[in-house]
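So the chains spell out like this:
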Amino acid sequence: HSPVWSPDGERIAFDSSRTGNYEIYLSSVDSLAAETALTQRRRDHFVNAWLPDGRLVFTEHSVAEGFDLWSIEARKGAVAEPLLRTPFNESEPAFSADGRWIAYVADETRRNEVFVRPFPLDGTRLQASHDGGEEPVWSRTGHELFFRNGPEVLSVRLEDSEGQPRLTEPEV
């Protein structure tokens, strides 16, 4: 499930439930060799994106702790590190083309909303959706973010006014 191309186009990361839990695997596109398992834990892992530095970002789900965002180097034996863990559920991370911004879905308002933060993460957090949102996708320029709310697709623009980032109001 969920294949994601590496930035250099040489590898594909994907998740599979062949062991009973969803785990992340890595495969080279020029080889028929077996895939490399990157995660092996008793939780479900859903691959989402590659970072420009070659790490993968994935959503981890556990019944006790919910959904959180993690990163892992794309090599066998790498150890996953938490990226964004809060008491709320975070999922569906998407990175701008330049890797400077992360959009993700969180339920801290008691429904799924889309949030944007600078990357690497600092304390800044902008809310992109106001009436629910899922499945964020950045434009190629990284200045516009698209997301879905039910059957509608909305967009917001990322603007930088005097060093202070802000998002425009969502438009259908």
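Residues numbered from 1 in each chain as written. Predicted model: local features only at pLDDT ≥ 70, side-chain atom pairs only at ≥ 80, totals over all residues. Heavy atoms only, no water.

**Looking at the overall build of the chain**
Alright, step 1. Summing up its helical and strand segments, the chain has zero helices and 16 strands in all.
Alright, step 2. At 16 Å, the chain has a C-alpha radius of gyration in line with the 16 Å of a compact globule built from 172 residues.
Alright, step 3. Based on the C-alpha atoms only, the size of the chain along its principal axes is roughly 50 × 35 × 30 Å.
Alright, step 4. Counting the 172 residues in the chain, one finds 42% classified as buried. (Helix = DSSP H or I, 4+ residues; strand = E, 2+ residues; numbered from the N terminus. Rg over C-alpha atoms; globule rule 2.2 N^0.38 Å. Buried < 20%, exposed > 50% of the residue type's maximum accessible area, 1.4 Å probe, protein only.)

**Re the nonpolar core**
In summary, soluble globular proteins display a tendency toward joint burial of nonpolar side chains.
Alright, step 1. In terms of nonpolar packing, the biggest core is built from 15 residues, with Val114, Val116, Ala128, Trp138, Leu145 and Leu167 touching the most fellow members.
Alright, step 2. Of all elements in the fold, only β10 (101-106), β11 (113-118), β14 (144-149) and β15 (152-161) reach the threshold of two or more residues within this core.
Alright, step 3. Not counting residues up to four positions away in its chain, the partners in contact with Trp138 are Ala94, Phe95, Ser96, Trp101, Ile102, Ala103, Val116, Glu144, Leu145 and Leu158.
Alright, step 4. Core analysis: the next-biggest nonpolar cluster, separate from the first, contains 14 residues, Ala13, Leu38, Val47 and Leu56 among them. (Core = buried A, V, L, I, M, F, W, Y, C linked by side-chain atoms within 4.5 Å. Contact = heavy atoms within 4.5 Å.)

**Observations regarding the sheet that holds strand β6 (residues 55-62)**
Alright, step 1. The antiparallel open sheet is built from four strands, whose spatial order is β5-β6-β7-β8. One side of each edge strand has no neighbouring strand; the edge strands of this open sheet are β5 (44-50) and β8 (81-84). Strand-to-strand, the axes of this sheet are offset by a mean angle of 35°, without reference to chain direction.
Alright, step 2. Both strand β7 (residues 66-73) and β8 contribute to a ladder of three bridges, which runs antiparallel. When the bridges of β8 are listed, Trp70 appears paired with Pro82. (Pairing = 2+ DSSP bridges. Axes fitted to C-alpha atoms, helices over the stretch in contact; angles between N-to-C directions.)

**A word on the layout of surface pockets**
By rolling a water-sized probe across the atoms, one finds the places where empty space is left.
Alright, step 1. Its boundaries defined by the atoms lining it, the largest pocket holds a volume of some 390 Å³.
Alright, step 2. Around the largest pocket, the lining comprises 20 residues; the ones closest to its centre are Asn48, Ala49, Trp50, Ala94 and Phe95.
Alright, step 3. Listed by contribution, the elements that provide at least two residues to the lining of the largest pocket are β5, β9 (90-95) and β13 (134-138).
Alright, step 4. Partitioning the lining of the largest pocket into residue classes produces 13 nonpolar, five polar and two charged.
Alright, step 5. Size it by volume and the second largest pocket reaches roughly 180 Å³.
Alright, step 6. For the second largest pocket, the full set of lining residues is Thr36, Ala37, Leu38, Thr39, Gln40, Arg41, Ile72, Lys76, Gly77, Ala78, Val79 and Ala80.
Alright, step 7. Here the lining of the second largest pocket is built from residues that sort into six nonpolar, four polar and two charged. (1 Å grid on protein atoms, 1.4 Å probe; cavity = no way out; pocket = protein on both sides within 12 Å on 5 of 7 lines; lining within 4 Å. Points joined across faces, edges and corners; volume = space filled by probe spheres on them. Nonpolar A, V, L, I, M, F, W, Y, C, P; charged D, E, K, R; others polar.)

**Describing the packing of aromatic side chains**
Alright, step 1. In this structure the tally under the stated criterion is four aromatic pairs.
Alright, step 2. Ring geometry for Phe14 against Tyr25: centres 5.8 Å apart, planes inclined by 20°, an arrangement best described as stacked. Residue Phe14 is located in strand β2 (residues 11-16), and its partner Tyr25 is located in strand β3 (residues 23-28); the two are separated by eleven residues in the primary sequence.
Alright, step 3. A residue is classified by how much of its surface remains accessible, and Phe14, at 13% relative accessible area, is buried.
Alright, step 4. You can call Tyr25 buried: its relative accessible area is 7%.
Alright, step 5. Taking the centre distance of 5.1 Å and the plane angle of 40° together, the rings of Tyr22 and Phe46 count as tilted. You can see Tyr22 sitting in the loop between β2 and β3 and its partner Phe46 sitting in strand β5, a full 24 residues away along the chain.
Alright, step 6. Accessibility expressed as a relative area gives 25% for Tyr22, which makes it partly exposed.
Alright, step 7. Above the face of the Tyr25 ring, Arg18 is positioned so that its terminal group lies 4.2 Å from the ring centre. (Phe/Tyr/Trp six-rings, centres within 6.5 Å; stacked < 30°, edge-to-face > 60°. Lys NZ or Arg CZ within 6 Å of the ring centre and 35° of its normal.)

Shape descriptors only; they carry no functional weight alone.
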